[in-house]
Amino acid sequence: MTRAKLDKKPQDVAAMFDGIASRYDLVNDVISLGQDRVWRRGVVNAVDAHSGELVLDLAAGTGTSSESFVRKGARVIACDFSLGMLRAGVERRGGASTGGVTFVAGDALRLPFADGTFDAVTISFGLRNVNDVGQALREMLRVTKVGGRLVICEFSHIPVEAVDRIYSTYLMAALPRIAGAVSGRSEAYDYLSESIMAWPTQPELARELQDAGWSRVAWRNLTLGTVALHRGFREK
């Protein structure tokens with residue numbers, strides 16, 4: 001298994017998520033104490049999709065996040081590089097293209113879409129898993145229409161250092177045990193803990209978005225900063 005400090009080879013990370021696909025949504029609900037629903041609502045509000053728009057939901061997994069945009073009237077491409085996650089989503093929804101959601105296999109570093117295709121692009125808890133964040137951000141910019149927007153929802157860091165240290169202790173010790181008991185695959189959540197610890201702070205990620213070409217970059221903390229929403233726009 002690829003660990004957070006290693007190369008994050010796509011095939012290794014994909015295989016890891018394939019192994020937890022069947023219980024992924026349940027585990028998320030358990031380890032977040034139900035906060036994942038709050039975070040999803042935050043993403044939907046930040047994306048602000050409208051009827052007739054086309055949204056790219058990257059790292060969409062089983063498509064749970066994609067359904068929220070459909071309820072706003074948008075059409076959604078649910079894209080992920082884990083075939084196991086996509087298969088679970090297709091089985092749950094009863095088809096690869098139903099109810100406004102179309103599942104597509106793809107790598108965030110080489111998106112299988114034409115330039116300027118989407119009104120909005122969003123990725124939740126998946127940017128940590130790519131081995132070149134800058135390239136992924138540039139690819140998202142490429143496939144976004146001029147005037148379109150990007151919303152990133154990702155685990156982050158509590159601004160109060162002492163509190164963040166306590167939270168980090170939970171991540172490294174308790175989270176893999178709890179998640180492992182539910183999913184049967186604790187090693188995947190060892191990776192999760194390590195990747196969160198190694199992730200840049202909110203201002204650092206904002207600078208990476210700007211370096212990739214995104215404009216009007218801003219962020220908002222959720223749940224004390226354990227999760228942050230970053231948003232940017234393509235202006236040219």
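About the cut-offs
- Residues numbered from 1 in each chain as written.
- Predicted model: local features only at pLDDT ≥ 70, side-chain atom pairs only at ≥ 80, totals over all residues.
- Heavy atoms only, no water.
- Salt bridge = Lys/Arg side-chain N within 4 Å of Asp/Glu carboxyl O.
- Helix = DSSP H or I, 4+ residues; strand = E, 2+ residues; numbered from the N terminus.
- Buried < 20%, exposed > 50% of the residue type's maximum accessible area, 1.4 Å probe, protein only.
- Phe/Tyr/Trp six-rings, centres within 6.5 Å; stacked < 30°, edge-to-face > 60°.
- Lys NZ or Arg CZ within 6 Å of the ring centre and 35° of its normal.
- Pairing = 2+ DSSP bridges.
- Contact = heavy atoms within 4.5 Å.
- Axes fitted to C-alpha atoms, helices over the stretch in contact; angles between N-to-C directions.
- Polar contact = N/O pair within 3.5 Å; in protein donor to acceptor, adjacent residues only side chain to side chain.
- Core = buried A, V, L, I, M, F, W, Y, C linked by side-chain atoms within 4.5 Å.

S.K.: Help me understand the pattern of salt bridges, please; the structure alone is not making it clear to me.
M.R.: Any two side chains of opposite charge can pair, on the condition that their charged atoms come close. Under the defined criterion, the tally for this structure stands at ten salt bridges. The partner of Glu139 in a salt bridge is Arg142, with the nearest N and O atoms 2.7 Å apart. Taken together, the residues span about one helical turn, with Glu139 and Arg142 both in helix H6 (residues 133–143) at a distance of three residues. The exposure class of Glu139 is buried, given its relative accessible area of 9%. What makes Arg142 partly exposed here is its relative accessible area of 23%.

S.K.: In this structure, what is going on with the packing of aromatic side chains? I would like to understand it.
M.R.: Within a pair of aromatic rings, the relevant descriptors are the distance that separates the centres and the angle that separates the planes. Evaluated as defined, the whole model comprises four aromatic pairs. Ring centres of Trp39 and Phe155 lie 5.9 Å apart, and the angle between their planes is 85 degrees; on these two criteria the pair is classed as edge-to-face. Of this pair, Trp39 sits in helix H3 (residues 35–47) while Phe155 sits in strand S6 (residues 144–155), and the two are 116 residues apart along the sequence. A residue is classified by how much of its surface remains accessible, and Trp39, at 6% relative accessible area, is buried. Aromatic side chains Phe125 and Phe155 sit 4.6 Å apart centroid to centroid with 40 degrees between the ring planes, which places their arrangement in the tilted category. With a gap of 30 residues between them, Phe125 in the loop between strand S5 (118–124) and H6 and Phe155 in strand S6 connect regions that are remote in the sequence. Among the residues examined, Phe125 registers a relative accessible area of 18% and is labelled buried. Looking at Arg216, its charged tip hangs above the ring of Phe233, at a distance of 3.9 Å from the centre.

S.K.: Looking at this model, I keep getting lost on the pairing of S5. Mind explaining?
M.R.: The two faces of a sheet get side chains in turn, since along a regular strand they alternate between them. With seven of seven residues buried, S5 is to be regarded as a mostly interior element. Looking at chain direction, strand S1 (residues 54–58) and S5 are connected through four bridges and run parallel. Note on S5: the bridge partner recorded for Val55 is Ala120. Bridge analysis of S5 against S6 gives six bridges, and the strand direction is parallel. Across the sheet, Ala120 pairs through a bridge with Arg149, a residue of S6.

S.K.: What is the right way to read the sheet that holds S6 from this model?
M.R.: If you walk across this open sheet you meet the eight strands as S3-S4-S2-S1-S5-S6-S8-S7, and the pairing is mixed. Strand pairing shows two members of the sheet lacking a second neighbour, strand S3 (97–98) and strand S7 (215–222), which therefore form its edges. Across the sheet, H3 touches S5, S6, S7 and strand S8 (227–233), and the angle it forms with S6 is around 165 degrees. The strands that helix H9 (residues 202–211) touches are S6, S7 and S8; relative to S7, the one it contacts most, it runs at about 155 degrees.

S.K.: Teacher, can you tell me more about the environment of Asp164 here?
M.R.: With respect to the element layout, Asp164 can be found in helix H7 (residues 161–183). Beyond its immediate chain neighbours, meaning those up to four positions away, Asp164 contacts His157 and Ile158. A polar atom in the side chain of Asp164 sits 3.0 Å from the backbone nitrogen of Ile158.

S.K.: How do you make sense of the nonpolar core when you look at a structure like this?
M.R.: In a soluble, globular protein the nonpolar side chains are often hidden away together inside. One finds Leu56, Leu127, Leu137, Met140 and Trp214 to be the most contacted residues of the largest nonpolar core, which totals 29 residues. Of all elements in the fold, only S1, strand S2 (75–80), S5, H6, S6 and H9 reach the threshold of two or more residues within this core. Take this core: its biggest share by element is six residues, from H6. Discounting chain neighbours no more than four positions away, the residues touching Leu56 are Ile77, Cys79, Leu111, Phe113, Phe118, Ala120, Val121, Thr122 and Val143. Residues Val55, Ala60, Tyr167 and Leu192 belong to the second largest nonpolar core, which totals 27 residues.

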